[in-house]
Amino acid sequence: NAGVTQTPKFQVLKTGQSMTLQCAQDMNHNSMYWYRQDPGMGLRLIYYSASEGTTDKGEVPNGYNVSRLNKREFSLRLESAAPSQTSVYFCASSVRGDQPQHFGDGTRLSIL
Amino acid sequence: RKEVEQDPGPFNVPEGATVAFNCTYSNSASQSFFWYRQDCRKEPKLLMSVYSSGNEDGRFTAQLNRASQYISLLIRDSKLSDSATYLCVVNEGSGNTPLVFGKGTRLSVIA
């Protein structure tokens, strides 16, 4: 069982470069989420998609865009990367919003 | 914004000890409650759901107190492998609204 798969696992970018983080789930979940987690900090929700065809802003959406490509896939795009976006990014999915979320193993992104 | 509050710790306990964490939530309409575990540099993983009647899974017991709006996690006979950050997670009362994650309580079990 793959669960939630994130690619890439590691990436180094230069300031101003663009990048798309990919996420796919094989659990037939309706809802998907993108979080960032900085060292020693809690999870912060960037964007979420309650169902296929919908996306909504979370706590820290600035500098990011998302696409719910289909029920399985939810991508996160950084159009012009900034050093403040250096973080670990987690994708998660759930059957619906009030049910447990299952996480991918993260993308470690460094922006120089 | 609705809040989920946890004592960040760290809680440093010897092997075999019993340790308890509390978590308070602000939305009285919340219906779903969970405890997650996160190891260093890893993704959060569901530890257990918290039901109105409580929930026990081996050495772990979770309780819900709706009147005081808190949930608790009790770990008995602590193991070194229990060392992790424990996240309290609460929904905001609507089926499609994302869960709210607390910032976590760090536990270190010492030999």
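Preceding block: the structure.
> Please clarify how the state of the cysteines should be interpreted in this entry.
What is meant by a disulfide is a covalent connection between two cysteines, made through their sulfur atoms. The final tally for this structure, using the stated rule, is two disulfides over all chains. Each sulfur in the disulfide pair Cys 23 of chain A and Cys 91 of chain A lies 1.9 Å from the other. Between Cys 23 of chain A and Cys 91 of chain A, the disulfide has an S-S torsion of -75° and is therefore left-handed. You can see Cys 23 of chain A sitting in strand E3 (residues 19-25) and its partner Cys 91 of chain A sitting in strand E9 (residues 87-94), a full 68 residues away along the chain. We note that Cys 23 of chain A, like Cys 91 of chain A, is buried. Linked covalently through their sulfurs, Cys 23 of chain B and Cys 88 of chain B form a disulfide whose S-S length is 1.9 Å. Linking Cys 23 of chain B and Cys 88 of chain B, the disulfide has an S-S dihedral of approximately -70° and is accordingly described as left-handed. You can see Cys 23 of chain B sitting in strand E3 (residues 19-25) and its partner Cys 88 of chain B sitting in strand E9 (residues 84-90), a full 65 residues away along the chain. No difference in accessibility class separates Cys 23 of chain B from Cys 88 of chain B, as the two residues are buried.

> Please explain the interface of chain B and chain A as it appears in this structure.
Much of the literature gives interface size as the accessible area that the parts lose upon coming together. Taken together, the contact pairs 20 residues of chain B with 20 residues of chain A. Regarding the contact of chain B and chain A, the summed buried area is about 1600 Å², with carbon and sulfur atoms giving 59% of it. On the chain B side of the interface with chain A, the three residues burying the most area are Glu 43, Pro 98 and Phe 101 of chain B, jointly 29% of the side's total. Taken together, the links from chain B to chain A amount to zero salt bridges. Across the chain B-chain A interface, the total number found is four residue pairs in polar contact (both at pLDDT 80 or more). Per-element accounting of the side of chain B that touches chain A gives the leading share, three residues, to strand E4 (residues 33-38) of chain B. Classifying every residue of the side of chain B that touches chain A by side-chain character gives eight nonpolar, seven polar and five charged.

> So what exactly am I meant to see when it comes to the sheet that holds E3 of chain A here?
In a beta sheet, neighbouring strands are held together by backbone hydrogen bonds and run either parallel or antiparallel to one another. Residues and elements named next belong to chain A. Pairing is antiparallel across the open sheet formed by four strands, whose spatial order is E1-E3-E8-E7. The outermost strands of the open sheet, each flanked by one partner alone, are strand E1 (4-7) and strand E7 (65-68). In this sheet, neighbouring strand axes are inclined to one another by 15° on average, regardless of whether the strands run parallel or antiparallel. Bridge count between E3 and strand E8 (residues 74-78): three bridges; the pairing is antiparallel.

> How do you make sense of the environment of Glu 79 of chain A when you look at a structure like this?
Residue and element names in this part refer to chain A. The topology assignment puts Glu 79 in the loop between E8 and E9. Through-space distance from the C-alpha of Glu 79 to that of Tyr 64 is 6.9 Å; in sequence the pair is 15 residues apart. Aside from chain neighbours lying at most four places away, what touches Glu 79 is Gly 16, Gln 17, Ser 18, Gly 63 and Asn 65. Of the polar contacts made by the side chain of Glu 79, one reaches the side chain of Arg 77; its length is 3.1 Å.

Cut-offs applied
- Residues numbered from 1 in each chain as written.
- Chains lettered and ligands numbered in written order.
- Predicted model: local features only at pLDDT ≥ 70, side-chain atom pairs only at ≥ 80, totals over all residues.
- Heavy atoms only, no water.
- Disulfide = S-S within 2.5 Å.
- Helix = DSSP H or I, 4+ residues; strand = E, 2+ residues; numbered from the N terminus.
- Buried < 20%, exposed > 50% of the residue type's maximum accessible area, 1.4 Å probe, protein only.
- Contact = heavy atoms within 4.5 Å.
- Buried area = accessible area lost by both parts, 1.4 Å probe.
- Salt bridge = Lys/Arg side-chain N within 4 Å of Asp/Glu carboxyl O.
- Polar contact = N/O pair within 3.5 Å; in protein donor to acceptor, adjacent residues only side chain to side chain.
- Nonpolar A, V, L, I, M, F, W, Y, C, P; charged D, E, K, R; others polar.
- Pairing = 2+ DSSP bridges.
- Axes fitted to C-alpha atoms, helices over the stretch in contact; angles between N-to-C directions.

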